[in-house]
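# Structural features, examined
The residues making up each chain are set out below.
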Amino acid sequence: MSNSTFLSSFWEGFQIVKSHKTDSLITITLKPDSTAVCQCGRSSNSVHDYQWRVLKEAMMFDTPVELVVQTRRINCSSCGVKTEAISWVAPYSRMTNRLKGYIEKLLPLLPIKHISELTGVHWHTIKEVDKHRLKRVVPTVPWSDLRQLVMDEFAIFKGHRYATVIADAQTHQVLWIGIGRSRKDIRPFFEELGDNAANIEVVAMDMNTAFDLEVQAHCPNARIVYDLFHVVAKFGREVMDRVRVDQANQLKTDKKARRWIKRSRWVLLKNRENLNIKQQSYLDEILSINRELMVTHLLGAQLKELWYCDSEEQAQGLWEIWWQQVNESGIQPLINFTKKLKPYLHGIVASASYHLNTCTLEGINNKIKLIKRMGYGYRDTDYFFLKIKAAFPGKPR
Ligand SMILES: [Zn+2]
């Protein structure tokens, strides 16, 4: 085999007629050396005309390669005048299948910018290659198998816009993502779910959303579970922080105690078991000098217990005790919070039967950061969402 036939074997049906190398580019000119085949599979000896096509090829010896290829338009007995099919390049593509395959291998490893530098292919073209790749790897949604869902919203584009993500609580597969967080924004998911909506037993979500109404409108058998972690975060913001600042402000004369309480945010918000010995004794000191802080902290810890009951009856009973203690405390931010929580009680009690939470989706925020760091086109939401779906394909049921 001569050198030229060896190289020509890379491009089936074509042979090298010329090659040229500079420091930055290898140019190879190819001409057909076999009968043309139509896209439909029929071969034809009747050439309508010749055209030149420039294609990017995988690098050789660390140098980008450009192919200048003479292609034929043929008279096909079935299709009429058609461009011939070439086995190593897709119709209308500006790169060979080999280069495309190479880029696909690099995509999970490198930012697009680097792949662009390595291959000489434009950023935008690489992104399109990635989109096609992702559409192949993202698993189809098993609509009829779905029973338990989790949904949550997350901020995209520096917190100015929101997206809603819906996942299978059992497999953790991300099923759907859409811009926005209103009922109307998430409706397309339920429209796709169709009659399978009747199979949905439970949906976990944050209580401060429009999601529950939309779920109830579409899923006649679904129970709602409100997520503990969102409620705890809200309690921290609206109750613990408020009480702490109020108490610190009342200590105008005692500057030292005031500073102490102001600095206690972290230990007050943490679970006791997550504190070290020193932090625990700090917490105990703070609580022992201030009744309001102590009561608020205690009731905050008891609130969490509502999510860990063995039965819904037990949860209901615990709520009633809690409700009474809150009212007796006389601590206004706590009472206000509890009043707002009450309409959501059904979804708190239900957590005794369904131990679901939106932590399933916790990884998504990290993934978004990673996607941004990799410089992928997160402004192209289609692409951005595909990336997230591909990152959360779910585990076997
Ligand atoms: Zn044809």
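Residues numbered from 1 in each chain as written. Predicted model: local features only at pLDDT ≥ 70, side-chain atom pairs only at ≥ 80, totals over all residues. Heavy atoms only, no water.

Identification of the chain as ISL3 family transposase from Vibrio ouci is taken from an unreviewed UniProt entry.

## Quick look at the overall build of the chain
Broken down by element type, the chain carries 16 helices and 12 strands. Since a compact globule built from 397 residues should have a radius of gyration of about 21 Å, the 31 Å found for the chain marks it as more spread out than a globular shape. Contacts in the chain between residues at least 24 apart in sequence constitute 57% of all its contacts with a sequence separation of at least 6. Approximately 21,100 Å² of the chain is accessible, and the part contributed by carbon and sulfur atoms is 51%. Where the 56 positive side-chain charges of the chain centre and where its 42 negative ones centre are 7 Å apart. (Helix = DSSP H or I, 4+ residues; strand = E, 2+ residues; numbered from the N terminus. Rg over C-alpha atoms; globule rule 2.2 N^0.38 Å. Contact = heavy atoms within 4.5 Å. Areas by Shrake-Rupley, 256 points an atom, 1.4 Å probe, with all protein chains shown as cover. Lys, Arg positive; Asp, Glu negative; His and termini not counted. Charge placed at Lys NZ, Arg CZ, Asp CG, Glu CD.)

## What about the layout of surface pockets?
In this model, the largest pocket occupies a volume close to 640 Å³. Every residue lining the largest pocket is counted, 27 residues in all, and those nearest its centre are Val 232, Leu 269, Lys 270, Asn 271 and Lys 304. If you tally residues by element for the lining of the largest pocket, the top one is helix α7 (residues 228–250), at 10 residues. (1 Å grid on protein atoms, 1.4 Å probe; cavity = no way out; pocket = protein on both sides within 12 Å on 5 of 7 lines; lining within 4 Å. Points joined across faces, edges and corners; volume = space filled by probe spheres on them.)

## Things to note about the side chain of Asn 290
If you trace the backbone, Asn 290 turns up in the loop between α10 (277–289) and α11 (291–305). Assessed through its relative accessible area of 8%, Asn 290 is described here as buried. A polar contact of 2.9 Å, which involves the side chain of Asn 290, links it to the backbone nitrogen of Leu 293. Once you skip the residues sitting within four places of it in the chain, Asn 290 turns out to touch Gln 247 and Ile 261. (Buried < 20%, exposed > 50% of the residue type's maximum accessible area, 1.4 Å probe, protein only. Polar contact = N/O pair within 3.5 Å; in protein donor to acceptor, adjacent residues only side chain to side chain.)

## Here we look at the packing of α7 against α11
Contact geometry for α7 and α11: axes closest at 10 Å, N-to-C directions at 175°. Between α7 and α11, the crossing angle belongs to the class labelled roughly antiparallel. Contacts between α7 and α11 involve Leu 228, Val 231, Val 232, Phe 235, Val 239, Met 240, Val 243, Arg 244 and Gln 247 on the former and, on the latter, Glu 292, Leu 293, Thr 296, His 297, Leu 299, Gly 300, Leu 303 and Lys 304. Residues of the contact of α7 with α11, tallied by class, amount to 10 nonpolar, 4 polar and 3 charged. (Axes fitted to C-alpha atoms, helices over the stretch in contact; angles between N-to-C directions. Parallel < 35°, antiparallel > 145°, perpendicular 65-115°, else oblique. Nonpolar A, V, L, I, M, F, W, Y, C, P; charged D, E, K, R; others polar.)

## Comments concerning the coordination of the zinc ion
For the zinc ion, the protein coordination sphere consists of Cys 38 (SG), Cys 40 (SG), Cys 76 (SG) and Cys 79 (SG), at 2.2 to 2.3 Å. Relative to the metal, the 4 donor atoms surrounding the zinc ion lie at angles of 106 to 114°, and the coordination shape comes out tetrahedral. The motif formed by the donor residues of the zinc ion, counted along the single chain, is C-x1-C-x35-C-x2-C. Of this pair, Cys 40 sits in the loop between β3 (36–37) and β4 (43–44) while Cys 76 sits in strand β6 (residues 63–76), placing them 36 residues apart in sequence. Judged by its relative accessible area of 36%, Cys 40 falls in the partly exposed class. (Donors = N, O, S within 2.8 Å, 3.2 Å for Na, K, Ca; no water. Tetrahedral: all angles 85-135°; square planar, octahedral: opposite > 155°, others 65-115°.)

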